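If you want the building blocks of each chain, they are given just below.
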Amino acid sequence: MASLNVGNLGEYLREQRRQAQLSLRQLADAAGVSNPYLSQIERGLRKPSADILQQLAKALRISAETLYVQAGILDERDRDEVETRAVILADPSINERQKQVLLQIYESFRKENALDASTVPTVPAGPGTPDTPDVPETHDKPADEMPSKTD
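Residues numbered from 1 in each chain as written. Predicted model: local features only at pLDDT ≥ 70, side-chain atom pairs only at ≥ 80, totals over all residues. Heavy atoms only, no water.

Draft legend 1. Quick look at the overall build of the chain. Looking only at helices and strands, one finds seven helices and zero strands in the chain. Helices and strands in the chain line up, N terminus first, as α-α-α-α-α-α-α. The proportion of buried residues among the 151 residues of the chain is 27%. Intrachain contacts of the chain at a sequence separation of at least 6 include 48% that bridge at least 24 residues. (Helix = DSSP H or I, 4+ residues; strand = E, 2+ residues; numbered from the N terminus. Buried < 20%, exposed > 50% of the residue type's maximum accessible area, 1.4 Å probe, protein only. Contact = heavy atoms within 4.5 Å.)

Right, dumping it as structure tokens:
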């Protein structure tokens, strides 16, 4: 059988499986696919559907989007975001709760920056605009001209 053009998907899956310390049979069972089918995917002989990739990602505890990029299903332009998420999800030094919190923070920063990029001020910043704080005007007077404090 000739190898299909699945863009290193098989090699990537094999590496992720090894990092997760799972045998081929363990991953196949966890993902709900047959052992021979998973073996063919890893060898580049079969191209799995998005559903199968999602099942594999769940079993490996990695981002399905990462597998979609590897399989050529997801556009390469989204790769940076996907890789960032994948690195967070694959990090064995942090627990699942910490991973989810990091992903939520990451997503909130991305949304905030997208909003900032889409809002362009129509007038230059000046006093009273959100970009510059309102500071009361002060008049520099010499100390002898200042009113004396009486109690």
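What follows continues from the structure just given.
Draft legend 2. Focus on the packing of helix 1 (residues 9-19) against helix 4 (residues 50-60). Between helix 1 and helix 4, the shortest axis-to-axis distance is 10 Å and the interhelical angle comes to 25°. One way to sum up the angle between helix 1 and helix 4 is to call them roughly parallel. Classified by chirality, the crossing of helix 4 by helix 1 is left-handed. Residues Leu9, Leu13, Gln16 and Arg17 of helix 1 form the contact with helix 4, whose own contacting residues are Leu53, Leu56 and Leu60. (Axes fitted to C-alpha atoms, helices over the stretch in contact; angles between N-to-C directions. Parallel < 35°, antiparallel > 145°, perpendicular 65-115°, else oblique. Left-handed = near helix turned anticlockwise from the far one by under 90°.)

Draft legend 3. A look at the pattern of salt bridges. Applying the stated rule across the entire model yields four salt bridges. Note that Arg14 is salt-bridged to Glu42, the shortest N-O span being 3.5 Å. Separated by 28 residues along the polypeptide, Arg14 in helix 1 and Glu42 in helix 3 (residues 35-42) bring together distant segments of the chain. Across the pair Arg17 and Glu42 runs a salt bridge whose closest N-O atoms are separated by 2.7 Å. Here Arg17, found in helix 1, pairs with Glu42, found in helix 3; they are 25 residues apart in sequence, far enough to count as distant. Grouping residues by exposure puts Arg17 and Glu42 together as buried. One salt-bridge network, held together by shared partners, links Arg14, Arg17 and Glu42. (Salt bridge = Lys/Arg side-chain N within 4 Å of Asp/Glu carboxyl O.)

Draft legend 4. Main features of helix 1. Of all the residues in helix 1, the buried ones are Leu9, Gly10, Leu13, Gln16 and Arg17. For helix 1, the arc enclosing every buried residue in end-on projection is 130°, short of the 170-degree limit, so these residues lie on one face. Exposed positions of helix 1 whose direction lies more than 90 degrees from the buried face are Glu11, Arg18 and Gln19. In the core, the buried residues of helix 1 are packed alongside helix 2 (24-31), helix 3, helix 4 and helix 5 (64-71). (Arc of directions from axis to C-beta.)

Draft legend 5. Examining helix 2 more closely. Along helix 2, the residues that are buried comprise Leu27, Ala28 and Ala31. One face of helix 2 carries all of its buried residues, which in axial projection span an arc of 100°. Exposed and oriented more than 90 degrees from the buried face of helix 2 are Arg25, Asp29 and Ala30. Residues of helix 2 that are buried sit in contact with helix 1, helix 3 and helix 4. Phi turns positive, to about 75°, at Gly32, one or two residues after helix 2.

Draft legend 6. Local environment of a nonpolar patch on the surface. On the surface, a nonpolar cluster with roughly 250 Å² of combined accessible area is contributed by Val101, Ile105 and Phe109. For Val101, the location among the structural elements is in helix 7 (residues 96-118). (Patch = residues over 30% accessible without salt bridge, like charges linked within 9 Å, V, L, I, M, F, W, Y side chains within 5 Å. Areas by Shrake-Rupley, 256 points an atom, 1.4 Å probe, with all protein chains shown as cover.)

Draft legend 7. Geometry of the nonpolar core. In terms of nonpolar packing, the biggest core is built from 18 residues, with Leu9, Leu13, Leu56 and Leu67 touching the most fellow members. Those elements that provide at least two residues to this core are helix 1, helix 2, helix 3, helix 4 and helix 5. It is helix 4 that provides the largest number of residues to this core, a total of five residues. (Core = buried A, V, L, I, M, F, W, Y, C linked by side-chain atoms within 4.5 Å.)

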